[in-house]
Amino acid sequence: MSPVLSRLPQRRRNDVKAYEAIPAALRRPSVRRMYFMCRHIRLVIAAMYTLLSVAFLWYLGPGKDMVAGVKIWTGANERPPLYESYHEHELHLPQHNPDLPFPEGREGKYLYWKGHEKQAGWNNVMQELMLNAFVAHASNRSFVFYNYAWRKDGTKYLMYNGQLLPSQIPISTLLSGPIAGDHFYSDPDAPRSVSEDYFRQVCPHPKSVPERLKTKFNGGLSGEAIVSELVELLTNEDRCVQVPFTAFNIFIMGDPNRLLDLWPRYASSPILTEFRWSPLVESAFDTNRVVLAPLNTSEPALVMIPPQLPSAARYTRLPGLLAMHVRRGDYEKHCVNLADWHSTYTAFNSFPAFPDKISEVVPDDVGGDERRELVRKHCWPSIDDIVRRADEVREAPAGAGLRDVYVLTNGERGWVHELEDAFRATGRWRTVASSRQLLLSKEQAYVAQAVDMVIAQRAQVFVGNGWSSMSGQINLLRMANGFTPDSSRFL
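Conventions we followed
Residues numbered from 1 in each chain as written. Predicted model: local features only at pLDDT ≥ 70, side-chain atom pairs only at ≥ 80, totals over all residues. Heavy atoms only, no water. Helix = DSSP H or I, 4+ residues; strand = E, 2+ residues; numbered from the N terminus. Buried < 20%, exposed > 50% of the residue type's maximum accessible area, 1.4 Å probe, protein only. Contact = heavy atoms within 4.5 Å. Areas by Shrake-Rupley, 256 points an atom, 1.4 Å probe, with all protein chains shown as cover. Disulfide = S-S within 2.5 Å. Pairing = 2+ DSSP bridges. Axes fitted to C-alpha atoms, helices over the stretch in contact; angles between N-to-C directions. Parallel < 35°, antiparallel > 145°, perpendicular 65-115°, else oblique. Left-handed = near helix turned anticlockwise from the far one by under 90°. Nonpolar A, V, L, I, M, F, W, Y, C, P; charged D, E, K, R; others polar. Salt bridge = Lys/Arg side-chain N within 4 Å of Asp/Glu carboxyl O. Expected span 1.5 Å × (residues − 1). Polar contact = N/O pair within 3.5 Å; in protein donor to acceptor, adjacent residues only side chain to side chain. Core = buried A, V, L, I, M, F, W, Y, C linked by side-chain atoms within 4.5 Å.

K.L.:
Break down the overall build of the protein chain for me, with residues and values.
P.N.:
On a plain count of helices and strands, the protein chain comes out with 24 helices and 17 strands. Out of the 491 residues belonging to the protein chain, those deemed buried represent 57%. In the protein chain, the proportion of contacts linking residues at least 24 apart, taken out of those at least 6 apart, comes to 79%. Surface exposure of the protein chain reaches about 20800 Å², of which carbon and sulfur atoms provide 53%.

Printed below as a string of structure tokens:
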């Protein structure tokens, strides 16, 4: 038994049998079995990735369409996946047992964020979700995780931008680790996260945090002050607590002066040090690894790495890779609004050690059309702007050795192909790829943004959009995993 696993209480070690019933996509080999498999797989891993890619191309095959940059099914009777096996897995987590001893079971303490973010993009939800889980762990309570929900009215599907989507996606399709109910390996006595259904079972009458705190938190309190006040309250509060509002709203997420004082405490939390993407997302990365750059055969597949390995050792740097986040779609109008609002970069895009500052590219005393044009160059850049920026980044010390470029984008297919051709025309890039080239299964297609994030999180250099929450979450994960600040740049 490994030293890490031996630290788990006996009740946790006995839980292993309960995991045998989880979906195949969520299973991981034992550490001992993984060791022997990795010894042999390194000699054939490149061939394996190639075969997987060919298999996906054949499986998704002709007659399918490209939507949102990925292959999905478009038959008349086809609908998006509802992820039933993932819902079922979450319902049967081993900690969902009222007879477990404190700090779990019917005597445990729980925190449910009833007023959590809904009907929003994944990264708006993710940034709040992680902070909510951080508060729960800091107050020694089980975090009550929840679905990524566009609707919670009982409907299975909704139409968004002309595309049929699942109304709710279980969190285990996107994330793994302590947030989604796994052990805290560095804090084995901490209570594990639980589902909303189990929370309602053991907490039929939860006590709500007073609504007056919402006004107080929105009144300019810093992130550290909000967390400290919540932890103090929850330490002395009832066993079952729910928060009916959002403590970490878009205003604090967009204000580095308020949020970043929390960073030292947040960065050392297991919520970040043990952060893991879901096996569904990691398997998509593994399948598409050869799309990014020639494969280093000594690099293990993510799904083969044991779960107790810290996040920084799991999501290591991919040398030579430049990842660029180029937001399109609704940002054409949104960038104009950002200019008119004099919006700053989001908090997690504003770490003091980052070399690119908004004040250097868009001075605050500039307004009107001049400000709109300055913001456009960095928020809605042209193809020439993007290619030029990539060349500039290559010349910086952190860009030494960059030779492969990957573009995270929701741009129209024709525009993305023009951008790819422009990169190739320079003759300076060995591999040019984008979100449009990912090969994904039907279930992976609806969590594709997370796959892009794994790639950007691991790139040697990441160039983001300073106003984007997605770029902010990528930079958050890079900083938490020890990537140097000068490897995070902006358009």
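K.L.:
Can you explain the state of the cysteines? Please cite residues and give values.
P.N.:
Scanning the entire structure with this criterion turns up two disulfides. Put simply, Cys203 and Cys240 are joined by a disulfide, and their sulfur atoms are 2.0 Å apart. As the torsion about the S-S bond is roughly -65°, the Cys203-Cys240 disulfide counts as left-handed. You can see Cys203 sitting in the loop between α7 (196–202) and β10 (207–208) and its partner Cys240 sitting in strand β11 (residues 240–242), a full 37 residues away along the chain. With respect to class, Cys203 is no different from Cys240; both count as buried. When the cysteines of the protein chain that form disulfides are numbered from the N-terminus onward, they connect as 1-2, 3-4.

K.L.:
Tell me what's going on with the pairing of strand β13 (residues 318–326), and back it up with residues and numbers.
P.N.:
Counting buried positions over the nine residues of β13 gives eight, a clear majority of the element. Pairing between β13 and strand β14 (residues 404–409): six bridges, direction parallel. Bridging across to β14, Val326 finds its partner in Thr409.

K.L.:
Report on the sheet that holds β10, specifying residues and quantitative values.
P.N.:
The sheet built from four strands is open, its strands ordered β4-β3-β11-β10 with parallel pairing. The open sheet is flanked by β4 (142–143) and β10, the only strands paired with a single partner. Strand direction decides the pairing type here: strand β3 (residues 110–112) and β11, joined by three bridges, are parallel. Of the residues in β11, the one forming a bridge with Tyr110 is Cys240.

K.L.:
Requested: an account of the packing of helix α17 (residues 331–340) against helix α19 (residues 368–379), with residues and values cited.
P.N.:
The relative placement of two packed helices is expressed as an angle between their axes plus a distance between the axes. Running from N to C, α17 and α19 point in directions that differ by 130°, and their axes come no closer than 9 Å. For the element pair α17 / α19, the angle class is oblique. Handedness of the crossing formed by α17 with α19: right-handed. Each of Tyr331, Cys335, Val336, Leu338, Ala339 and Asp340 in α17 lies in contact with α19, whose residues at this interface are Arg371, Arg372, Val375 and Cys379. When grouped by side-chain class, the residues that make up the contact of α17 with α19 number seven nonpolar, no polar and three charged.

K.L.:
Any chance you could break down the pattern of salt bridges for me, citing the residues and the numbers?
P.N.:
Counted under the stated rule, the structure contains 20 salt bridges. A salt bridge links Asp182 to Arg276, with the nearest nitrogen and oxygen atoms 2.6 Å apart. Of this pair, Asp182 sits in the loop between β9 (175–176) and α7 while Arg276 sits in strand β12 (residues 276–277), and the two are 94 residues apart along the sequence. Look at Arg276 and you get buried, because its relative accessible area is 2%.

K.L.:
Please give an account of the sheet that holds strand β16 (residues 459–464) that cites residues and values.
P.N.:
A sheet is described by the order of its strands in space; here five strands give the open sequence β15-β14-β13-β16-β17, paired in parallel fashion. Of all strands in the sheet, those with a lone pairing partner are β15 (431–434) and β17 (488–490), marking the two edges. Neighbour-to-neighbour, the strand axes of this sheet turn through a mean angle of 20°, independent of strand direction. Where β13 lies against β16, four bridges are found, and the strand directions are parallel. Following the sheet pairing, Met324 is matched in β16 by Val463. Strands β13, β16 and β17 of the sheet are contacted by helix α20 (residues 383–395), whose axis makes an angle of about 145° with β13.

K.L.:
Give a detailed account of the environment of Glu229, specifying residues and quantitative values.
P.N.:
As for its placement among the helices and strands, Glu229 is situated in helix α9 (residues 223–235). In this structure, the C-alpha to C-alpha distance between Glu229 and Leu213, residues 16 residues apart in sequence, is 9.6 Å.

K.L.:
Go over the pairing of β14, please, and point to the residues and values.
P.N.:
In terms of residue burial, β14 counts as a mostly covered element, since six of its six residues are buried. Where burial is concerned, the two faces of β14 agree: the one with Asp404, Tyr406 and Leu408 and the one with Val405, Val407 and Thr409 are both buried. With four bridges joining them, β14 and β15 adopt parallel strand pairing. Looking across to β15, one finds that Val407 is bridged to Ser434.

K.L.:
Residue-level account of helix α24 (residues 469–480), with values.
P.N.:
In this model α24 runs 16 Å from its N-terminal to its C-terminal C-alpha over twelve residues, within 8% of the 16 Å that 1.5 Å per residue would give. At the N-terminal boundary of α24, the capping side chain belongs to Ser468, with an oxygen 3.1 Å from the backbone nitrogen of Met470. One or two steps after α24, the chain reaches Gly482, where phi turns positive at roughly 85°.

K.L.:
How would you explain the environment of Ser142 if you had to name every residue and give the values?
P.N.:
Take Ser142: it is sitting in strand β4. Spatially, the C-alpha atom of Ser142 lies 8.3 Å from that of Pro103, the residues being 39 residues apart in sequence. A polar contact is formed between the side chain of Ser142 and the backbone oxygen of Arg192, at a distance of 2.9 Å.

K.L.:
Which residues make up the nonpolar core, and what are the values?
P.N.:
Residues Trp122, Met130, Leu175, Phe248, Tyr266 and Trp277 are the most contacted members of the largest nonpolar core, which totals 105 residues. If you tally residues by element for this core, the top one is helix α6 (residues 122–138), at ten residues. Core analysis: the next-biggest nonpolar cluster, separate from the first, contains 21 residues, Leu322, Val416, Trp429 and Leu491 among them.

K.L.:
So what about unusual backbone geometry? Which residues, and what values?
P.N.:
A cis amide bond, omega 15°, links Phe102 with the succeeding residue Pro103. Within the element layout of this structure, Pro103 appears in the loop between α5 (84–91) and β3. The phi angle at His342 is positive, at roughly 55°, despite the residue not being glycine. Inspection of the secondary structure puts His342 in the loop between α17 and α18 (358–361). On the basis of relative accessibility, which here comes to 32%, the residue His342 falls in the partly exposed class.

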